[in-house]
Amino acid sequence: MTTDPPTMKAIVQRGYGAPERVLQLDQTTARPVPGDNDVLIRVRATSVNTPDSATVAGVPYVLRAQAGLRRPKQPIRGSDVAGMVEAVGQGVTDLQAGDEVFGSLWGSANSSKPGTFAQYTVVPASQLVKKPAGLSFEEAAASVMTGLTSLLAMRDVGHVGPGTRVLINGASGGVGTMAVQIAKSLGAEVTGVCSARNVELVRSLGADHVIDYATQDFTKNESRYDVILDNVLNHPPKAVARLLTPQGVFIPNSLGISGKLLGGLPRVARAALMGKGSTDVKFVTLAVNHENLNALVRLLESGEAKTIIERAYPLDDAAGAITRVLGHHASGKIAITV
Ligand SMILES: NC(=O)c1ccc[n+]([C@@H]2O[C@H](COP(=O)([O-])OP(=O)(O)OC[C@H]3O[C@@H](n4cnc5c(N)ncnc54)[C@H](OP(=O)(O)O)[C@@H]3O)[C@@H](O)[C@H]2O)c1
């Protein structure tokens, strides 16, 4: 006798376009099955990152070449996760059923498997750590992609240390709110660029100077910076790089907020070309592993960084969560409670 595989609730994507049109709550999705080195997680929270929202919209169109031409080949979005271990594969020795964990399936072979906007997901054990008790599931999940990106940008790419002058364009978003705090924890003098609505938030995170982009174009400033993290790419890379000190490093970190066909790719390409010349241009490559996750845990547990969450949406309203991120103006992160 065969038994049907257990099912779960999941948000599935049926095409590209407006989130409320293309995302549906499905109650009959098969639960994923962990491989030998994987962990099956009962998801308690996840969060929306720009790859999720861009893939739902299907914009820039160029992303469809990889994700799927008419609809995404893999219908469940989401990579950040926090939840409870339900079961582990044979090769997993450091986690067991009942452990509270957080991490991400980003970059793993599991990236092409069902995502985290669901009741259950499967993540390699190498991309999970135990969740600190003092963090909510939402805070933990919403810290992963943006927290690790910020940590790697500031610590490993920018080599930020005491007195480093850092400018962060897009200081009020998911990456920016983390990057401001991490740069401060490393001893930097931080300038954040955001809208007037978020000036107080960015200041409260420790920024020494905050520029409201509506009233001041930071590329016209006379100040110079050792590290520029650009999460928006709304200015020509050359204009931004002009603000670097002689040894300064420019970190373009955005696929852009406009351009339906290619998004910010032309600007990313121009920045990369500048890097072949005299300007130091470096990109952040997200690496989800125990070492980086544990460094993030230390920042979160010590209070040097906290996850700023504008709002947590219920799973049933994942479309609302995605819509908010597509607007590019959430203050900090948008979480999803499962
Ligand atoms: N390298 C990696 O592995 C990696 C990982 C994660 C993310 N990223 C990239 O990082 C970028 C930022 O991600 P995020 O999660 O921080 O995005 P986000 O939360 O949507 O933040 C957007 C930021 O852009 C600002 N902004 C929006 N419109 C603007 C405008 N017209 N002019 C100037 N600033 C504007 C917002 O400020 P206000 O709201 O104050 O207007 C906010 O600070 C994305 O492009 C993403 O692709 C890269």
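Residues numbered from 1 in each chain as written. Predicted model: local features only at pLDDT ≥ 70, side-chain atom pairs only at ≥ 80, totals over all residues. Heavy atoms only, no water.

Visitor: Where do I start with helix H10 (residues 318–326) in this structure?
Guide: Note: α-helices contain 3.6 residues per turn, so residues at a spacing of three or four share the same orientation. Those residues of H10 not exposed but buried are Ala318, Ala319, Gly320, Ala321, Ile322 and Val325. Where H10 is buried, its residues contact strand S1 (7–13), helix H1 (19–22), strand S2 (23–30), helix H2 (50–57), strand S14 (309–314) and strand S15 (333–337). Phi for histidine 328, located one or two positions after H10, is positive at around 65 degrees. (Buried < 20%, exposed > 50% of the residue type's maximum accessible area, 1.4 Å probe, protein only. Helix = DSSP H or I, 4+ residues; strand = E, 2+ residues; numbered from the N terminus. Contact = heavy atoms within 4.5 Å.)

Visitor: Is there a simple way to explain the site of the ligand in this structure?
Guide: Surveying the vicinity of the ligand reveals 26 residues, the closest of which are Ser172, Ser195, Tyr213, Asn253 and His329. One of the backbone nitrogen or oxygen atoms of valine 284 is found 3.4 Å away from a nitrogen atom of the ligand. Summarising the interface, the protein chains cover 86% of the accessible area of the ligand, which totals 930 Å² for the free molecule. At the level of elements, helix H4 (137–157) and helix H5 (174–185) are the ones that each hand at least two residues to the shell around the ligand. Element by element, the count of residues in the shell around the ligand is highest for H4, at 3 residues. When the residues that make up the shell around the ligand are grouped by side-chain class, the tally is 10 nonpolar, 15 polar and 1 charged. (Near = heavy atom within 4 Å. Polar contact = N/O pair within 3.5 Å; in protein donor to acceptor, adjacent residues only side chain to side chain. Areas by Shrake-Rupley, 256 points an atom, 1.4 Å probe, with all protein chains shown as cover. Nonpolar A, V, L, I, M, F, W, Y, C, P; charged D, E, K, R; others polar.)

Visitor: Explain helix H9 (residues 290–302) here, please?
Guide: Across its 13 residues, H9 extends 18 Å between first and last C-alpha, which sits within 8% of the 18 Å expected from 1.5 Å per residue. All buried positions along H9 are accounted for by Asn292, Leu293, Ala295, Leu296, Val297, Leu299 and Leu300. Of the surrounding secondary structure, the elements contacted by the buried residues of H9 are strand S5 (100–104), strand S7 (128–130), H4 and H5. Glycine 303 sits one or two residues past H9 and shows a positive phi near 85 degrees. (Expected span 1.5 Å × (residues − 1).)

Visitor: Would you take a moment to explain the sheet that holds strand S12 (residues 244–252) for this structure?
Guide: Hydrogen bonds between backbone atoms are what pair the strands of a sheet, whose relative direction is either parallel or antiparallel. Within the open sheet, the 6 strands sit side by side as S10-S9-S8-S11-S12-S13. Their pairing is parallel. In the strand order of this sheet, the two ends are held by strand S10 (209–212) and strand S13 (280–281), each with one partner. Where strand S9 (residues 189–194) and S10 come together, 4 bridges link them in parallel fashion. Each bridged residue has a counterpart across the sheet, and for glycine 192 the counterpart in S10 is valine 210. (Pairing = 2+ DSSP bridges.)

Visitor: Is there a simple way to explain the pattern of salt bridges in this structure?
Guide: Working definition: two side chains of opposite charge can pair if their charged atoms are close together. Applying the stated criterion across every chain yields a total of 10 salt bridges. Here arginine 14 and aspartate 26 are joined by a salt bridge, their closest N and O atoms 3.6 Å apart. With a gap of 12 residues between them, arginine 14 in the loop between S1 and H1 and aspartate 26 in strand S2 connect regions that are remote in the sequence. You can call arginine 14 partly exposed: its relative accessible area is 43%. Taking the shortest distance from any N to any O, the salt bridge between aspartate 280 and lysine 282 comes out at 3.1 Å. Owing to a relative accessible area of 29%, aspartate 280 belongs among the partly exposed residues under this scheme. (Salt bridge = Lys/Arg side-chain N within 4 Å of Asp/Glu carboxyl O.)

Visitor: Could you clarify how one ought to interpret the nonpolar core in this entry?
Guide: Where a protein is soluble and globular, its nonpolar side chains tend to be buried together. Phe102, Met154, Ile168, Val180, Leu229 and Ile251 are the most contacted members of the largest nonpolar core, which has 50 residues in total. Looking at this core, the elements that each hand over two or more residues are H4, strand S8 (165–169), H5, S9, helix H6 (199–204), strand S11 (225–230), S12 and H9. Ranked by the residues each element gives to this core, the list is headed by H4, at 11 residues. Looking at this core, you find at least three residues from each of domain 1 (7–141 + 287–337) and domain 2 (159–281). Each residue touching leucine 229, except ones within four places of it in the same chain, is listed here: Ala153, Met154, Leu167, Ile168, Asn169, Val175, Ala179, Ile251 and Asn253. If you look at the next biggest cluster of nonpolar residues, it comprises 37 residues, including Ala10, Val56, Val122 and Val123. (Core = buried A, V, L, I, M, F, W, Y, C linked by side-chain atoms within 4.5 Å. Domains from an automatic or database assignment.)

Visitor: How should I be thinking about the domain arrangement of the protein in this particular structure?
Guide: One widely used convention gives an interface's size as the accessible area the parts lose upon coming together. Per the domain assignment, the segments making up the protein are domain 1 (7–141 + 287–337) and domain 2 (159–281). Look at where the C-alpha atoms of domain 1 and domain 2 centre, and you get two points 27 Å apart. Facing the 19 residues of domain 1 at the interface are 20 residues of domain 2. Contact between domain 1 and domain 2 buries roughly 1500 Å² in total, counting both sides, with carbon and sulfur atoms accounting for 62%. Where domain 1 touches domain 2, the interface holds 8 residue pairs in polar contact (both at pLDDT 80 or more). Here the side of domain 1 that touches domain 2 is composed, by residue class, of 9 nonpolar, 5 polar and 5 charged. (Buried area = accessible area lost by both parts, 1.4 Å probe.)

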